[in-house]
Amino acid sequence: MDYAENDKPINASILIVDDVPDNLKVLGAILKDEGYRIRPVLNGEMALQVVEKEKPDIILLDIMMPGMDGYEVCSKLKADSRFKDIPVIFISAINDTKGLVKAFENGGIDYITKPFQAAEVCVRIATHLRICRQNKALMELNATKNKFFSIIAHDLRGPIGNMLSIAELISEKGQVDEDTLYTFLKMQKELSKETMQLLENLLIWARSNTNRIDFEPALLELNHLIDECVNGATIQAKNKDIHLVNKLDTEFKVFADKNMIQLIIRNLLSNAIKFTPRGGEISISASVSDNNSTIISVKDTGIGIPPNMLKNLFNIEISTKRYGTDREMSNGLGLLLVKEFVEKHNGKIWVESEEHKGSVFSFSIPEKIH
């Protein structure tokens, strides 16, 4: 199901069930003019067969039909987990309270009386399709949120538990020599940094998904912006003897949100450093595509990504957690934020990788953001 610019549903599939052919013709003509795909059937048994094969977006269901009436058809659909979310609007010449109550008791969401008024039919269908879409989006968001918080809770437990263990060892007077104490403090520092990054990603994600992050695109000097990101990652790279190179040799301007683009690049650089062995190299470059989008790429000489992990890299439902080459913690949350912010720019992100040779993460920024 698609939506026009005015948020009007188009190309939705509508199953019309009525034992009177003339009613099917009238409703079919009304709805075809609105751009809907129509599937008319004459009885309840045929309706159930069509739903099994085609799963329409919405059903218009006559009540009084020979054999299986509309109440029974709706009841059977609502009892099946595969079809219970399909909106059912009853249509009937019956206009009494008892009939209306029974319609809703059997799972209907609305009721249209005969003879049909074209404007009323179209408005009711468009409204329920829109509500259905919104409910589906809300359910997906809640599922993603629950998964996200589950990952956070799981991944916080590890480093916080380790920090607690280290603190307990350090606090035992006379049990730790100076060298061991230094080692423990260094571990504590790294764990604290990893935990802070995890919490920052959580806070940014939460703000983004509650629309509390303003999207403010402006014309930016990409070279300067990348220099800032590279400088910010220099210490992390030097700690692993990794050569970090900015390969932009021409001036680039992009129309983008500065904070979001910086977060994207910082996360990609940090990710590359984690999975590049000591002595490796990471470079960042930019180019212009055939459709005038700006393509920004971060290339590393790291350990690469296995094919089974590569295809699920941006899927929150499947864990891509693994440790870096120096046992750095990584849970994939940064990449989820990267994908989200790239898509806010109407851009795309993709990855090319070969195990033991390295990876290239690239994303596009369209010339104009609509």
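In the block above lies the structure referred to throughout.
The sections below set out a description of the structure shown in this document.

What counts and what doesn't
Residues numbered from 1 in each chain as written. Predicted model: local features only at pLDDT ≥ 70, side-chain atom pairs only at ≥ 80, totals over all residues. Heavy atoms only, no water. Helix = DSSP H or I, 4+ residues; strand = E, 2+ residues; numbered from the N terminus. Expected span 1.5 Å × (residues − 1). Buried < 20%, exposed > 50% of the residue type's maximum accessible area, 1.4 Å probe, protein only. Arc of directions from axis to C-beta. Contact = heavy atoms within 4.5 Å. Pairing = 2+ DSSP bridges. Axes fitted to C-alpha atoms, helices over the stretch in contact; angles between N-to-C directions.

What follows is about helix α1 (residues 21-32). Between its first and last C-alpha atoms α1 spans 16 Å; for 12 residues at 1.5 Å apiece the expected length is 16 Å, and the two agree. Asn 23, Leu 24, Leu 27, Gly 28, Ile 30 and Leu 31 are the residues of α1 that are buried. Buried positions in α1, seen along its axis, are confined to an arc of 165° and lie on one side of it. α1 presents Asp 22, Lys 25 and Lys 32 as exposed residues on the side facing more than 90 degrees away from its buried surface.

Moving on, we get to the environment of Ser 92. With respect to the helices and strands, Ser 92 occurs in strand β6 (residues 88-92). Here Ser 92 falls in the buried class, since its relative accessible area comes to 2%. Residues Ser 92 and Asp 18 lie 74 residues apart in sequence; the distance between their C-alpha atoms is 9.3 Å. In contact with Ser 92, not counting residues within four places along its chain, are Asp 62, Ile 63, Tyr 111, Ile 112, Thr 113 and Lys 114.

To continue, consider the pairing of strand β11 (residues 281-288). Bridge count for strand β9 (residues 243-246) against β11 is 4 bridges, and the pairing is parallel. Looking at the pairing, Leu 244 lines up with Ile 282 of β11. Here β11 folds back onto strand β12 (residues 294-300), and the loop between the two strands holds 5 residues, one of which, Asn 292, carries a positive phi near 70°.

Turning our eyes to something else, we now look at the sheet that holds strand β7 (residues 110-113). Working definition: the strands of a sheet are paired by backbone hydrogen bonds and lie parallel or antiparallel to each other. Ordered by their spatial adjacency, 5 strands build an open sheet running β4-β3-β5-β6-β7, and the pairing between neighbours is parallel. Looking along the sheet, the strands with just one partner apiece sit at the ends: β4 (37-41) and β7. Strand-to-strand, the axes of this sheet are offset by a mean angle of 20°, without reference to chain direction. In terms of strand pairing, β6 meets β7 through 4 bridges, oriented parallel. Pairing of Phe 90 across the sheet is with Tyr 111, part of β7. Sheet contacts for α1: β3 (13-17), β4, β5 (58-62) and β6; angle to β3, the most-contacted strand, approximately 165°. Packing of helix α3 (residues 70-78) onto the sheet brings it into contact with β5 and β6, and relative to β6 it is tilted by some 175°.

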